[in-house]
Every structure is written in C-alpha cells, then in structure tokens.
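# Secondary and tertiary structure notes
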2 protein chains.
Amino acid sequence: MRDLDAQETYLADRLGLAFDLRDLVGSGPIPQARYAPPYGVVGFGEGWWAAQLARDFALELTATGTQFVLEGGYDFGGAAGAGLYASVSGAEIVRLGFRENVEVEVPAHPLATYRYLRFLLLATGQQAELARIDRALLLERDRLRPEVGLSKNPAKFMAYSLLERTPMWVVPDRYPGLGQALQQTFSRIGKSLSFTPPPSALEFFVTALEARHEQGDPIAAVLIGDDERRSYAQEILESRVDTLIELPEPEAEGTLAKALCYWYRVAWASYYLALLYGVEPGDWEVLDNLRQAT
Amino acid sequence: MRDLDAQETYLADRLGLAFDLRDLVGSGPIPQARYAPPYGVVGFGEGWWAAQLARDFALELTATGTQFVLEGGYDFGGAAGAGLYASVSGAEIVRLGFRENVEVEVPAHPLATYRYLRFLLLATGQQAELARIDRALLLERDRLRPEVGLSKNPAKFMAYSLLERTPMWVVPDRYPGLGQALQQTFSRIGKSLSFTPPPSALEFFVTALEARHEQGDPIAAVLIGDDERRSYAQEILESRVDTLIELPEPEAEGTLAKALCYWYRVAWASYYLALLYGVEPGDWEVLDNLRQAT
C-alpha cells in the first residue's frame, strides 16, 4: 500500500495537479468588460455544473442584457443548435470555454467549474458571494493539502476509505447537481467509477442491492448533510453497503459555498486516490485525444 | 440457469407483477372533474419523472388555473414546505398520490409513472398524445410479454445479457430523466444496481474505468438512440466495458412516447432479470415497511 505521507508517492502526479488544487482560489479569467443585466447562463460539456450553480444569481436564458454560454466542449453543436442563439438574440452573447473563437478562454480542466463560476460571479456583481466561497475553500485547503499528515487530513483518510470500493454519493436536494459533479470529478481525477442514486433514492437503497447482496465491488456510501432524509438513508444503508463515510458540514456561509467545499474536498480525495492506485491524477493526455476526435 | 420460457420460473412472481406489466395501458385513475388552464405540475418521490415528462405540455408552477402536485411519498414535507403552496396559492391545487387526503389516489407502484402521466394527459386535454403513447406501448407489449419465446423476445434476451452485470444507461439529452428513471425501475423491479453517467459523459467514459480496469462487476453499457454522441460513446466504450447492449428505436411517434417505450422495455427486462435471480419482482412488502417508517 502506498503511503500518502511519503514524498515518492507524489511522483505519479507528473502533470502537477497538486499545484492546480492548491492554487485553485483566485485562478481563471476575470472580466475585462462590463456586462449589462439581466444575465442568462447556459452550460455544456464540463461547464454544465457551473451553469446550474449560476441559477442562484442568474436566469437560464435572457433575450436582453447578457447571455453567457459556457462551451465546455463535447456538446456536438448543442450550444450552437437547438434554437439557443435565436432565442437570446436580443442579448449580448459571451461565450466561455476552450473552443475556437470564444470571448473568454477557460482551458479544459477537471477543476474548471470553479473558474467558470468565479468569472460569472465577478461579471454579475456577486463579489460578496465569491468572497464567501474563496474564504471557505482556503479553510478547506489548509486541512487537505499534501503537507498535512494522514492523521489530520480528512481527504487522505477518505482516499484510503475509498480504495477498492465504489462510492455512492448521497446528496440532499438543496445541492442540485452536486452528486453528479462529484461523480464527474471522481472519474476525471481519481480515474474511478462512482454513482449517484436516482430521485426517490430511499426506494433505490432498499431495492437496488437486494438480488445480489454480495455483488462485485463493495460500495462506500458517502453521506452529505445532516437532514432527516440523511438519517433515514443512513439507517437503511448501514446493513446494505460495505462502509458509510460521513462528510461533515464545511465551515462556509451559504449553499453555494458549501457545495463548492464538498466538491473541493472530493477533488482532493480523488487526487490522493489516484496516487494510491499509482495512476496520473491529471487528465490532459487522454482527454486531448478525445477532443481531437470530436 | 433458470429458463424464461418455462412456466415454473414465473412462480417467483408471487405478487403478480406480470399482470400489472401486461395491463399497464389504460390503468390508473381518470379525471372526474374539469381542470382550468394554465396547468402546473410538480412531482416528488416516485412522481418525479412523470412531473418532468409533463414539462412537454405543462408549466412547473402556476399561480392561476390548476396546480397538480404528485405526492409520490418520501418527500419529507418537500411538497408541503419550501413555499410551494404559497407560490401557487391562486391556482386550484390537485394532489395525486398515496398520502392521506390526496384528491386523486395513485397507489405506490414501480409502474406508477405511467399512471400519473396518463391522468395528467387526460386532465390537460392531451388525449392525442396519450393515444400515441398507448399505441406504442401496446406494440412493445406484444413483443415483450412472457408468452413470446426468448428467440423473439428482446426483453428476455436483455435480461440474460444483464445477468451478473451492472448496467450503465447511456441516454441522449433529448430524453430528460430517462437514465435515472431506468436506474429506478431496474432497482425496484430487477432488485439490482445500475448507474447513469454524469453530464459530460464522454469524459466520464474515458476516465472512470482507468484506475481499475478489471474492477468488480462487469459493466453492460446500454445504448439508447442513434445520434452522433451515441456513436462516440460506442467507440469509447467498446474496449472499456464487458458488453454493449443497443436498444433499437421503438415504433413510436414523438419523444414522449419513445421515452415511455424505452422505460417499459427496461421494466420488462428487469422483471425477467428478477425471475432469473429467483427474487420477487414486486416490491410491496419491503417498501411498505419503508413507508410506515417514514
């Protein structure tokens, strides 16, 4: 078993994802112009979650003001087609992403969600919200970075707990998209499979593991939040999964900052898990091939 | 291995789910009153997908006309709280489901989606759409029911293909919610685990199986539709999963009818899979306990 407190373990990180994780707060493009309200935000490819989070402070589509289009790749004309540009034709259109001819360049990256969101918060006058997010993420970073030993580092501990297991992300409704965002981050950094339950999750917990209780990979249920639903989930899952992992609530103000903290924590845990498996936590090489193919 | 063409295999179906599957078309409550437009539909618990499908012909919330609230259980006050009833206070509120004091009773059932949707279509003057759906489902039924032998029955064939494998539902964007609906149906009837990829699925396919290629359960990717994205998915997945299962497009007019056909087909396949595992395909007993606990 590799040791996350030993320097040689970090040699697998050839592309230096640890630096991107460490320096995430404050990274990404900043607005070079003023954008008129009202604001609309739609997102494709890796921009999907940032666009969903932006529902907190912006519309989806707007026919006046400014329409931001997060072109996170792999949309196969989704952004260009479907009548999108026609329906927002009265608005100034600002495209962000890594496609040709975007107005704001956001390179493809497993942590791009933060950078899209930061640009949107700055462009729409949400500086106070961004400050709350950044403060909370910096607090998380102080606990999660490689210099903090296993005994005090919840992300390292989580990585060991997830080794050889398949996580199931159990997320309250008040964090829309978080479960799928964790699934995506865990795959892109941790290079591993995880899943989210469908809506009406309790029925899923009761039935989905019945036919083959001892099937395949042992499941680690990762429980987020502490509402009533979560305590039911815990009670049902205790006897049905291999292990329960509880993510304590972050020290953060507001739903948006909390959602980003959970995501950041799982990004660090995924990073450590990749190191434990001895695989590259960055994903530039393999995804560059995909981008060129599509 | 149990034989799906042998009568004794069907003894595991003690609760008679085969009859509910066979007699699905035309089942469920019908409107006893006239409802004024505009129409709003929200759904909780097992009503979530029917409410999402209703976006095709109804609003989510309306402050005038009629607001339908699908109370499919397990919402822990979600339907009652969150300001929902305040925000629709100018509309007539019609509650459907199996909670006390609902206006329209829809018993809890793994196939309840159809019944919620049928009621909504009838109540909002969408008889033609319902006729398209029913026609298509009856065509499916003729191919999928137990009397049709394995060699001509795609649902039986699919059940054998899914045995001891974990399905991943690969669904085009034009069928919102279908992937999670299949995940839910597969668990409630087939009593087995399956998952859906997150948005930005191609990156997930490339990365999620990298660290542990030979991990746990072999995955069966179930591919729906035939757009460009699907052919990329197929190319990427071919070398990464245990088997690919293609679901051919149903003979149905319109997205709604097609979505329901895919769901019905997977419901039948889940039914046959439960029989192959020798478990009860119905879920009344176990979920009754859950309902009483919550």
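Each value, and the rule that gives it
Residue numbers restart at each chain and count upward from 1, following the sequence in its written direction. Here every chain gets a letter starting at A, and every ligand a number starting at 1, in the order they are written. Local features are withheld for residues below a pLDDT of 70 in this predicted model, meaning they are given only at 70 or higher, and side-chain atom pairs are given and counted only at 80 or more; totals for whole chains, interfaces and linings count all residues. Excluding hydrogens and water, the side-chain values take into account all heavy atoms of the structure. UniProt positions are given in the numbering used here, feature names are shortened, and annotations may be inferred rather than shown by experiment. Starting at the N terminus, helices and strands are each numbered in turn, a helix being any DSSP run of H or I of at least four residues and a strand any DSSP run of E of at least two. All radius of gyration figures rest on C-alpha atoms, and the globule criterion is 2.2 Å times the number of residues raised to 0.38. In this scheme, a residue with accessible area under 20% of its type's maximum is buried, one over 50% is exposed, and one in between is partly exposed, where area comes from a 1.4 Å probe on protein chains only. Two residues qualify as a contact provided that any one of their heavy atoms is within 4.5 Å of a heavy atom in the partner residue. Each accessible area is a Shrake-Rupley estimate made with a 1.4 Å probe; only the visible protein chains count as cover when residues are assessed. The sign given to each residue is positive for Lys and Arg and negative for Asp and Glu; His and the chain ends receive no count. A charge is said to be at NZ when it belongs to Lys, at CZ for Arg, at CG for Asp and at CD for Glu. The angle between two axes is taken between their N-to-C directions and runs from 0 to 180 degrees, where each axis is a line fitted to C-alpha atoms and a helix contributes only its stretch in contact. Working rule for handedness: look at the near helix, and if it is turned counterclockwise from the far one by less than a right angle, call the crossing left-handed; if clockwise, right-handed. Nonpolar residues are Ala, Val, Leu, Ile, Met, Phe, Trp, Tyr, Cys and Pro. Charged residues are Asp, Glu, Lys and Arg, and all others, Gly as well, are polar. Note: two strands are recorded as paired if DSSP finds a minimum of 2 bridges between them. With strands facing away from the observer, any crossover in which the path from the first strand over the helix to the second runs clockwise is taken as right-handed. As used here, buried area is the combined drop in accessible area, with a 1.4 Å probe, of two parts when they are placed together. For this analysis, a salt bridge means a side-chain nitrogen from Lys or Arg found within 4 Å of a carboxyl oxygen belonging to Asp or Glu. Two N or O atoms form a polar contact when they lie within 3.5 Å of each other; inside protein one atom must be a possible hydrogen donor and the other a possible acceptor, and for residues adjacent in sequence the pair counts only when both atoms belong to side chains. When the copies are overlaid, the least-squares fit takes in C-alpha atoms only where the residue has pLDDT of at least 70 in both copies.

By the naming in an unreviewed UniProt entry, chain A is Mannose-6-phosphate isomerase, taken from Meiothermus ruber. Under the heading Sequence similarities (unreviewed entry), UniProt records this for chain A: "Belongs to the PGI/PMI family."

Counting its secondary structure elements, chain A contains eleven helices and seven strands. Its C-alpha atoms give chain A a radius of gyration of 20 Å, within 12% of the compact-globule value 19 Å for 294 residues. Sorting the 294 residues of chain A into buried and exposed places 60% on the buried side. In chain A, 73% of the contacts between residues at least 6 apart in sequence involve partners at least 24 apart. In the structure as shown, chain A presents an accessible area of about 11,500 Å², 49% of it carried by carbon and sulfur atoms. Looking at chain A, you have 27 positive and 40 negative side-chain charges, and the mean spots of the two groups are 3 Å apart.

Once that is clear, we can look at the packing of helix α4 (residues 112-123) of chain B against helix α5 (residues 127-144) of chain B. Residues and elements named next belong to chain B. Running from N to C, α4 and α5 point in directions that differ by 145°, and their axes come no closer than 8 Å. In this structure, α4 crosses over α5, and the sense of that crossing is left-handed. Residues Tyr114, Leu117, Arg118, Leu121 and Leu122 of α4 form the contact with α5, whose own contacting residues are Gln127, Glu129, Leu130, Ile133, Asp134 and Leu137. Here the residues of the contact of α4 with α5 sort into seven nonpolar, one polar and three charged.

The two faces of a sheet get side chains in turn, since along a regular strand they alternate between them. Residues and elements named next belong to chain B. Burial of strand β1 (residues 39-45) is extensive: six of the seven residues sit out of reach of the surface. Here β1 pairs with strand β2 (residues 66-72) via seven bridges, running parallel. By the bridge assignment for β2, valine 41 is matched with phenylalanine 68. The handedness of the β1 to β2 crossover, carried by helix α2 (residues 48-53), is left-handed.

Glancing now at the interface of chain A and chain B. If you look at the interface, chain A gives 51 residues, while chain B gives 51 residues. Approximately 4,400 Å² of surface area, both sides summed, lies buried where chain A meets chain B, with 63% of it carried by carbon and sulfur atoms. The tally of links between chain A and chain B comes to two salt bridges. Here A:Arg188 and B:Glu203 are joined by a salt bridge, their closest N and O atoms 3.5 Å apart. At the surface where chain A touches chain B, the tally comes to 14 residue pairs in polar contact (both at pLDDT 80 or more). Taken together, the elements giving at least two residues each to the side of chain A that touches chain B come down to α7 (178-190), α8 (201-207), α9 (228-237) and α11 (284-293) of chain A. The element contributing the most residues to the side of chain A that touches chain B is α7(A), with six residues. A breakdown of the residues in the side of chain A that touches chain B according to their chemical character gives 23 nonpolar, 14 polar and 14 charged.

Attention now goes to the relation of the copies chain A and chain B. Aligned on chain B, chain A shows an RMSD of 0.0 Å; the corresponding rotation is 180° and the shift along the axis is 0.0 Å. The transformation relating the two chain copies, once decomposed into turn and shift, fits a two-fold axis. A shared binding surface is used by both copies, with 100% of the interface residues of chain A retained as interface residues in chain B.

Residue and element names in this part refer to chain A. Every buried residue belonging to helix α6 (residues 154-162) is among Ala155, Lys156, Met158, Ala159, Ser161 and Leu162, and all of these are buried. Along its buried surface, α6 packs onto α5 (127-144), β5 (166-170), α7, β6 (219-224), β7 (243-247) and α10 (255-277). At the N-terminal boundary of α6, the capping side chain belongs to asparagine 153, with an oxygen 3.0 Å from the backbone nitrogen of alanine 155. At the C-terminal side of α6, glutamate 164 shows a positive phi close to 65°.

In a structure, side chains of opposite charge can pair up when their charged atoms sit close to one another. All names here are of chain B. In the structure shown here, the tally under the stated rule is 31 salt bridges over all chains. In this structure, the salt-bridge partner of arginine 188 is glutamate 46, at a minimum N-O distance of 2.6 Å. In this pair, arginine 188 sits in helix α7 (residues 178-190) while glutamate 46 sits in the loop between β1 and α2, placing the two residues 142 residues apart along the sequence. Summarising the burial analysis for this pair, arginine 188 and glutamate 46 share the class buried. For the salt bridge of arginine 135 with glutamate 253, the shortest nitrogen-to-oxygen distance reads 3.6 Å. Taken as a pair, arginine 135 in helix α5 and glutamate 253 in the loop between β7 (243-247) and α10 (255-277) lie far apart in primary sequence, 118 residues in all.

Residue and element names in this part refer to chain B. The sheet built from three strands is open, its strands ordered β5-β6-β7 with parallel pairing. With partners counted over all chains shown, the strands left at the sheet margins are β5 (166-170) and β7, one partner each. Neighbour-to-neighbour, the strand axes of this sheet turn through a mean angle of 25°, independent of strand direction. Pairing of strand β6 (residues 219-224) with β7 involves five bridges; the strand directions are parallel. Bridge pairing links alanine 220 to threonine 243 in β7. Along the sheet, helix α9 (residues 228-238) makes contact with β5, β6 and β7, crossing β6 at roughly 165°.

Let's shift gears to the sheet that holds β2(B). Residue and element names in this part refer to chain B. Taken together, four strands build an open sheet; the order of strands is β1-β2-β3-β4 and the sheet is parallel. Both edges of this open sheet fall to β1 and β4 (104-105), since each of them pairs with a single strand only. Contacting β1, β2, β3 (92-97) and β4, α4 crosses the sheet at an angle of about 170° to β2.

Residue and element names in this part refer to chain B. For β6, the buried fraction is high: six of the six residues fall into the buried class. Alternating positions in β6 separate into two faces, Ile219, Ala221 and Leu223 on one and Ala220, Val222 and Ile224 on the other, with burial throughout. Bridging between β5 and β6 involves five bridges; their strand directions are parallel. Residue pairing for β6: tryptophan 169 is matched across the bridge by valine 222. As a crossover connection, the stretch from β6 through α9 into β7 is right-handed.

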